Amino acid sequence: MFILLGDCSGAFVAYEVARRLEQEGLALCGLAVLRQVAPSAWGTSSPMAHLPSDHFLKALLKAGIVSSEVAADNNKFSFFEPVLRADLRFGGV
């Protein structure tokens, strides 16, 4: 059983992990998110969110949003990319 807590952009990560756990049929006791606005209050999109994957990764690295460990592992980056794009697209970062 899992209880997930996400803070700020980690709220998107926690949500995505919860979604994947449920798809895998694993038990999820709860999901809590902190410091993230409701979807109806989301701001305008960041231009970074619309970059092609390779440019998006370079921009994330330059901004210090992802670690070199995540950037070096295509599987890890592929897992986090949709969440990061959503955070930038809908969070107005």
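Look above for the structure.
Right, let's walk through the structure included here.

Parameters at a glance
Residues numbered from 1 in each chain as written. Predicted model: local features only at pLDDT ≥ 70, side-chain atom pairs only at ≥ 80, totals over all residues. Heavy atoms only, no water. Phe/Tyr/Trp six-rings, centres within 6.5 Å; stacked < 30°, edge-to-face > 60°. Helix = DSSP H or I, 4+ residues; strand = E, 2+ residues; numbered from the N terminus. Buried < 20%, exposed > 50% of the residue type's maximum accessible area, 1.4 Å probe, protein only. Pairing = 2+ DSSP bridges. Right-handed = clockwise from strand over helix to strand, strands pointing away.

Thoughts on the packing of aromatic side chains
Enumeration according to the criterion identifies two aromatic pairs in this entry. Ring geometry for phenylalanine 56 and phenylalanine 77: centres 6.4 Å apart, planes at 50 degrees, overall tilted. Remark: phenylalanine 77 occurs in helix α4 (residues 74–91) and phenylalanine 56 occurs in helix α2 (residues 53–63); sequence separation between them is 21 residues. The burial state of phenylalanine 56 is the same as that of phenylalanine 77; both residues are buried. Taking the centre distance of 5.0 Å and the plane angle of 90 degrees together, the rings of phenylalanine 79 and phenylalanine 80 count as edge-to-face. Accessibility expressed as a relative area gives 22% for phenylalanine 79, which makes it partly exposed. For phenylalanine 80, a relative accessible area of 25% corresponds to the partly exposed category.

Details of the pairing of strand β2 (residues 28–34)
Two strands pair when backbone bridges link them, and strand β1 (residues 2–7) and β2 are joined in this way by six bridges, in the parallel orientation. Each bridged residue has a counterpart across the sheet, and for leucine 5 the counterpart in β2 is alanine 32. With helix α1 (residues 10–23) bridging β1 and its parallel neighbour β2, the resulting β-α-β unit is right-handed.

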